[in-house]
Amino acid sequence: NFLFWNIYKLQPILYLLQMSLKTNYLDKSKFPKKNMAVFVNPDTKITKFKGEFDGKINLKIVNFIKKNKNTKDNKIISLNQDFDQKLIIILLTKINDELDSEKLGAKFFDFVKNNEINDIYIKAPLFENSKNIYNINYNSFIHGAELKSYQFNLYKTKKNKIINFAVDKINISQKTKKLDSILSGVNFTRDLVSEPGNILHPDEYAKRLIKLKKFGLKITVYDEKKLKKMGCNALLGVGQGSIRGSYIVTIEWKGNKSNSKPLAFVGKGVCFDTGGYSLKPARFMEDMTYDMAGSAAVVGLMKTLALRKAKINAVGAVGLVENMVSGNAQRPGDIVKSYSGKTIEVLNTDAEGRLVLADALTFTEKKFKPKFMVDLATLTGAIIVSLGSEYAGLFSNDDKLSKQLLEAGEKVDEKLWRMPLHKNFDKLMDSKNADMQNINYVGGAGSTTAAQFLQRFIINKTPWAHLDIAGMAFSKYAGALNSGGATGYGVRLLNKFIEDNYE
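These numbers come from a predicted model, not from an experiment.

What counts, and at which threshold
Residues numbered from 1 in each chain as written. Predicted model: local features only at pLDDT ≥ 70, side-chain atom pairs only at ≥ 80, totals over all residues. Heavy atoms only, no water. Helix = DSSP H or I, 4+ residues; strand = E, 2+ residues; numbered from the N terminus. Buried < 20%, exposed > 50% of the residue type's maximum accessible area, 1.4 Å probe, protein only. Contact = heavy atoms within 4.5 Å. 1 Å grid on protein atoms, 1.4 Å probe; cavity = no way out; pocket = protein on both sides within 12 Å on 5 of 7 lines; lining within 4 Å. Points joined across faces, edges and corners; volume = space filled by probe spheres on them. Nonpolar A, V, L, I, M, F, W, Y, C, P; charged D, E, K, R; others polar. Salt bridge = Lys/Arg side-chain N within 4 Å of Asp/Glu carboxyl O. Pairing = 2+ DSSP bridges. Axes fitted to C-alpha atoms, helices over the stretch in contact; angles between N-to-C directions. Parallel < 35°, antiparallel > 145°, perpendicular 65-115°, else oblique. Left-handed = near helix turned anticlockwise from the far one by under 90°.

Moving on, we get to the overall build of the chain. If you tally the helices and strands in the chain, you get 13 helices and 19 strands. For the chain, the spread of C-alpha atoms along the three principal axes comes to 85 × 50 × 45 Å. Relative to its full complement of 503 residues, the chain shows a buried share of 58%. In the chain, the proportion of contacts linking residues at least 24 apart, taken out of those at least 6 apart, comes to 75%.

Following this line, the structure appears as structure tokens:
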């Protein structure tokens, strides 16, 4: 159902790029009369293509290069080789890093799709090993096209037409395998976020996580009975109005033989959020299927780490609930006792994500004693007002951890902006009837007070960062490396963060 990459012309071996659903081999003899894509730069001599094209095409390539010799932007054009054959010219003017290569690959996929080119052979750059500003990372270029090609059409009776890509010489290396692992993790996250609420409810979600055992991950499911015994009443209160179960699921990866403290990632998994009795407006409520995107990012990350055999110990913990309205649903004004022992007055049942995370964070800290904790959640609409769809909000009690996350985000274009935490915000969350209340009743600083609430459940001063991804997890329009809809935000960010700092 996705773009299928078909590899041929590799001598003596073929290396297959893994896709999220299916792959397909095409040998040279079976590949249709081929369209071709070639890379050029302002210094390319047409003799490089001797024997590939006729004189008229060579002249057009030369003229295109001359005309754009001083342009600052990478460009893509299409020429007619024959009646039904296209030649796509990719002009490289400046490639600074792997991210530039990925973005150009994504731009190339859009070009092919928009021009309805269904079968194309991408010729490897003839200057791939050059050390100049025109150097394209071929594997990253393909990775960018793969990321951009994602589409969720599981429930469409009429599928989009398949685009077959053949690629030239690729280095079979750990680098390529790593990119395949990242792609698989990102697309798994996108799949989870894209599923409708009637399909991916907490019961089904927990079942899908159990299947990750086949990748070498240890999965432990804590159901309602266990959670009640543990005292996770903040999380259970959110889910009590649903006929579905509520869960904490832990996902463990042990890639380091030592007993070093694990890196911990915690995700909010509200599979559908009506707002409870603090009911959301009907308009756009259908988008609340993605209120579990924080948990999906944690799951996709853990799958990525397992697939690429990351040499670290890590744990993911996700709180899975459904926030519904019923005769048994939580009421505004209810008071619950959290796993930490602290009591919470629930003034607004639509401020439910922080209740889920409160128990999940304390549980993770107490059970696993991690080196640090990073949580991800579509937590507040206020962060979208603050940062739109360009940055996720970062709140942290640790400067070093914050710096590492910010730098990783810049490298993969999953950007973060650090927001303030301060003890003076605590008074806005103090309750007259319990240890705290779940909203700032005065108003203002909605994202900060939510993060300040979460910080109260970091009991042992573990380094912690909270990523509010409400504006980043789902997009109504396409981004540089996504096609719109579920973005998979967080998987590449956290993978890069781990790779750069802990491996």
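Before going further, it helps to examine the layout of surface pockets. Approximately 730 Å³ is the volume attributed to the largest pocket. Around the largest pocket, the lining comprises 34 residues; the ones closest to its centre are Lys280, Met288, Thr380, Gly381 and Ile384. Those elements giving two or more residues to the lining of the largest pocket turn out to be strand 9 (263-273), helix 9 (353-368), helix 10 (382-387), helix 12 (446-455) and strand 18 (474-475). For the lining of the largest pocket, the per-class residue count stands at 12 nonpolar, 12 polar and 10 charged.

A few words now on the pattern of salt bridges. Summed over the entire model, instances satisfying the criterion amount to 23 salt bridges. Residue Asp426 is joined to Arg456 by a salt bridge in which the shortest nitrogen-to-oxygen separation is 3.5 Å. Of this pair, Asp426 sits in the loop between strand 15 (416-418) and strand 16 (436-437) while Arg456 sits in the loop between helix 12 and strand 17 (464-468), placing them 30 residues apart in sequence. Judged by its relative accessible area of 24%, Asp426 falls in the partly exposed class. What you see here is one network of salt bridges that share partners, running through Lys178, Lys411, Lys496, Glu499 and Asp500.

Enumeration according to the criterion identifies two cavities of 30 Å³ or more in this entry. As a volume, the second largest cavity reaches approximately 50 Å³. Considering the residues around the second largest cavity, the lining is formed by Gly237, Val238, Gln240, Gly241, Asn323, Met324, Ala329, Gln330, Thr349 and Glu352. Considering only residue class, the lining of the second largest cavity consists of three nonpolar, six polar and one charged.

This part covers the sheet that holds strand 9. One open sheet holds the eight strands; their spatial order is 7-8-10-9-13-17-14-15, and the pairing between them is mixed. Because the sheet does not close on itself, it has two edges, and the strands there are strand 7 (218-222) and strand 15. Put simply, the sheet's adjacent strands are angled 20° from each other on average, direction ignored. In this structure, strand 14 (residues 392-396) lies alongside strand 15, joined through three bridges in parallel fashion. Across the sheet, Ala392 pairs through a bridge with Leu416, a residue of strand 15. In this fold helix 13 (residues 491-501) packs onto strand 9, strand 13 (372-377), strand 15 and strand 17, with an angle of close to 175° to the strand it touches most, strand 9.

Here we come to the sheet that holds strand 16. Spatial strand order, 11-12-16: three strands in an open sheet with mixed pairing. Two strands close off the open sheet at either side, each with one partner strand: strand 11 (334-337) and strand 16. As paired elements, strand 12 (residues 343-346) and strand 16 share two bridges and run parallel to each other. Bridge pairing in strand 16 places Ile344 opposite Met436.

Take the pairing of strand 17 next. Looking along a regular strand, one sees the side chains alternate between the two faces of the sheet. Most of strand 17 is tucked away: five of the five residues are buried. Burial along strand 17 is two-sided: the residues Trp464, His466 and Asp468 and Ala465 and Leu467 are all buried. Pairing analysis gives four bridges linking strand 14 to strand 17, with the strands arranged antiparallel. Along strand 17, the bridge assignment pairs Gly393 with Asp468.

On to the packing of helix 2 (residues 98-114) against helix 3 (residues 138-148), then. Interhelical geometry of helix 2 versus helix 3 gives an angle of 50° and a closest axis separation of 6 Å. What the angle tells us is that helix 2 and helix 3 run oblique. Judged by the sense of rotation from one axis to the other, the crossing of helix 2 with helix 3 is right-handed. Between helix 2, through Glu98, Ser101, Glu102, Leu104, Gly105, Ala106, Phe108, Phe109 and Asp110, and helix 3, the contact on the second element is made entirely by Ser140, Phe141, His143, Gly144, Ala145 and Lys148. Looking at the contact of helix 2 with helix 3 residue by residue, the classes come out as six nonpolar, five polar and four charged.

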